[in-house]
Amino acid sequence: MASRRRARMAKEVRAQYEPVAEIGVGAYGTVYKARDLQSGKFVALKNVRVQTNENGLPLSTVREVALLKRLEHFDHPNIVRLMDVCATTRTERETKVTLVFEHIDQDLKTYLDKAPAPGLPVETIKDLMRQFLSGLDFLHSNCIVHRDLKPENILVTSGGQVKLADFGLARIYSCQMALTPVVVTLWYRAPEVLLQSTYATPVDMWSVGCIFAEMFRRKPLFCGNSEADQLGKIFDMIGLPAEDDWPLDVALPHCAFTARSPQPVERFVPEMEKLGAQLLLEMLTFNPCQRISAYDALRHLYLQDRSPVDG
Amino acid sequence: MSNVHLSSASAMERLAARRTFPLHARTGVCRNLFGPVDHDELSRDLKSKLREISEEDQRRWDYNFQTDTPLDGPGRLQWEEVEGSSVPAFYRETLQVGRCRFPVLLVRSKPPLGGMDAPAGGNPRDSHQELVGSSASALSPQGKTAALESTISGGKERLNRENRSDQLNSYSGITIKAAPKWVSSSGAAHITDFFLKRKRPGDAKAACDHPSGCPASVPAEQTPRKRLR
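Residues numbered from 1 in each chain as written. Chains lettered and ligands numbered in written order. Predicted model: local features only at pLDDT ≥ 70, side-chain atom pairs only at ≥ 80, totals over all residues. Heavy atoms only, no water.

In the annotation of an unreviewed UniProt entry, chain B is listed under the name Cyclin-dependent kinase inhibitor 1C and assigned to Pelusios castaneus. Comment text from UniProt for chain B, heading Subunit (unreviewed entry), reads "Interacts with PCNA." UniProt annotates chain B under Sequence similarities (unreviewed entry) with the comment "Belongs to the CDI family." (UniProt positions renumbered as here; feature names shortened; annotations may be inferred.)

As annotated in an unreviewed UniProt entry, chain A is Cyclin-dependent kinase 4 from Pelusios castaneus. Within the UniProt record for chain A, the comment given under Subcellular location (unreviewed entry) is "Cytoplasm". Per its UniProt entry, chain A bears the Sequence similarities (unreviewed entry) comment "Belongs to the protein kinase superfamily. CMGC Ser/Thr protein kinase family. CDC2/CDKX subfamily."

This is the structure in structure tokens:
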């Protein structure tokens, strides 16, 4: 009975998707970009191929595209510009949504890779952080949790302007729950996400902390290869949290981790001055309710000692 | 408030109608307010409207979104096709299934001349590379692997979500839930298998045990539907 059902399922799967017989070397597909001769600006197309069912485009996708378009009206300087959304139906099972974005040459990952030897000047880091937090505060005040902040999703223009990208179109978080632990980069994930507890805007602030440290280090702060490993690496720095702070509804118990005490920030980010280290620890706070918000971080003394540079 | 009264009044009315015609009450729609619908005409209108929109898109961007090619001739926009590896990862094509996003990789029978700058080992921080390959390797030992590949029009190149880092010679891929009807069946592997397995321990206690004191600024993932009672 079960095996017959399995066979039928397998058949359905095969009917749905045509297997590719030849596996060669994979590469990213090409991307189209263009210069607008009138404005002189560059745009790039991002294709999102959405699997559809008999009801067409999933309502969640429609809603999220609507949200992206609505955000556009605010014209926030630290959010990547979305100029247009064009949908085309290719097959019954797939709709292609093409998002026309402004084109920016590099992301923070490339920017940090390219930074010359001693690393970025502190003032540059502070400026990047102010812009980064301002974009994030904007998203948060519009009830958007990015959920997947990482250097690849932070674009930096040649003029040093920071623009957040890749929010809203999908929930990476659910994939991370659905697939195996090693599937998605865990390095910027907040403990409550790693523990699969409830989550909200503070998850992004954890990622901000990781990225803040990375701006000095020019390499990621915590490089775990599984949820447990990632948590272990986090506790190596911030110490094992108090049992009271441990979320109640999670699979991994507090006792799964050995006790250890918090280490000084200098051991992990030697380049960071005291005030910066203090801000970093407020971001890398285990309890999401006690973690600093984007709004408060922007007003932290560390970022206050100079007026924001216009990008 | 008046709205609520009104709707509950009309609901009462409907209930009364149901009692009178119990058979009709079972069907989803009870009244035909605007006369018969010519479905063919409606579908024709819809198609022509969609065509209109797509022609407008095409004019606005000098680009044929259907075929994914720029229009010939001098327009306002000067298009250029570039290697995916030369732009930030954010701009690269993704495939979205349900709420999950996957990078789309192009598989070629021969390695391309340029653009293959990344070493085959892959950079561990690049989730785009890691994504599919690692899930595939996690699935295949259990013999549950099934293919999910979408193909584009013939030729040597096929679009594929294959990872190039460690699975070059094996046939791998993951099955993805394409329609809700698959969720319940246990036969082939799909991502919900893992979802169910891993979700369970927390599920029982979830929600009630965590009266989240945090400012929940997460947008509601699903808006509860309004119901007339």
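From this point, things continue past the structure.
Can you help me understand the pattern of salt bridges in this one?
All names here are of chain A. Enumeration over the complete set of coordinates arrives at 15 salt bridges over all chains. Linking glutamate 72 and arginine 81 is a salt bridge whose minimum nitrogen-to-oxygen distance equals 2.6 Å. Residue classification places glutamate 72 among the buried positions, given a relative accessible area of 18%. Accessibility expressed as a relative area gives 14% for arginine 81, which makes it buried. (Salt bridge = Lys/Arg side-chain N within 4 Å of Asp/Glu carboxyl O. Buried < 20%, exposed > 50% of the residue type's maximum accessible area, 1.4 Å probe, protein only.)

Which parts of the structure should I look at to understand the UniProt feature "binding site: ATP" (unreviewed entry) in chain A?
In the numbering adopted here, UniProt assigns the feature "binding site: ATP" (unreviewed entry) to Lys46 of chain A. Summarising the element assignment, lysine 46 of chain A is placed in strand E3 (residues 42-51). For lysine 46 of chain A, the residues in contact, after removing those within four places along its chain, are Val97, Thr98, Leu99, Phe101 and Asp166 of chain A together with Phe90, Tyr91, Arg92 and Thr94 of chain B. (Helix = DSSP H or I, 4+ residues; strand = E, 2+ residues; numbered from the N terminus. Contact = heavy atoms within 4.5 Å.)

Could you clarify how one ought to interpret the confidence of the model for chain A in this entry?
Detailed reading of the predicted coordinates is not advisable wherever pLDDT is low. Residues and elements named next belong to chain A. When the pLDDT values of chain A are averaged, the result is 86; 84% of them are 70 or greater. The lowest-confidence element of chain A is helix H5 (residues 172-178), averaging 42 in pLDDT; the highest-confidence one is helix H10 (residues 294-298), averaging 98. Under a pLDDT of 50 for its full length, residues 16-25 has, in the predicted model, 34 contacts with residues more than four places off or in other chains. Taken as a whole, residues 172-183 scores under 50 in pLDDT and shows 51 contacts with residues more than four places along the chain or in a different chain. (pLDDT = per-residue confidence, 0-100.)

When you look at the sheet that holds strand E6 (residues 106-107) of chain A in this model, what are you seeing that I'm missing?
The pairing of strands in a sheet comes from backbone hydrogen bonds and takes either a parallel or an antiparallel form. Residues and elements named next belong to chain A. With respect to topology, three strands assemble into an open sheet ordered E6-E7-E8, the strand pairing being antiparallel. The open sheet has two edge strands with one neighbour each: E6 and strand E8 (162-164). Examined bridge by bridge, strand E7 (residues 154-156) and E8 share three bridges and lie antiparallel to one another. By the bridge assignment, leucine 155 is partnered in E8 with lysine 163. Packing against the sheet, helix H4 (residues 122-141) makes contact with E7 and E8, and its axis sits at approximately 30° to E8. (Pairing = 2+ DSSP bridges. Axes fitted to C-alpha atoms, helices over the stretch in contact; angles between N-to-C directions.)

I would appreciate a short explanation of the packing of helix H7 (residues 202-217) of chain A against helix H9 (residues 274-283) of chain A in the present structure.
The angle between the axes and the distance between the axes are what describe a pair of packed helices. Residue and element names in this part refer to chain A. Close contact between H7 and H9 brings their axes to 8 Å; oriented N to C, the two are set at 145°. Our pair here, H7 against H9, has a crossing hand that is left-handed. Each of Met205, Trp206, Val208, Gly209, Phe212 and Ala213 in H7 lies in contact with H9, whose residues at this interface are Gly276, Leu279, Leu280 and Met283. Class assignment of the residues belonging to the contact of H7 with H9 gives a composition of eight nonpolar, two polar and no charged. (Left-handed = near helix turned anticlockwise from the far one by under 90°. Nonpolar A, V, L, I, M, F, W, Y, C, P; charged D, E, K, R; others polar.)

How should I be thinking about the packing of H4 of chain A against H7 of chain A in this particular structure?
Residue and element names in this part refer to chain A. Packing of H4 against H7 leaves a shortest axis separation of 11 Å and a crossing angle of 165°. Regarding the angle of H4 to H7, the classification is roughly antiparallel. When the axes of H4 and H7 are compared, the crossing they make is right-handed. Across the interface between the two elements, Val122, Ile125, Leu128, Met129, Phe132, Leu133, Leu136 and His140 from H4 touch Asp204, Met205, Val208, Ile211, Phe212, Met215 and Phe216 from H7. By residue class, the composition of the contact of H4 with H7 is 13 nonpolar, one polar and one charged. (Parallel < 35°, antiparallel > 145°, perpendicular 65-115°, else oblique.)

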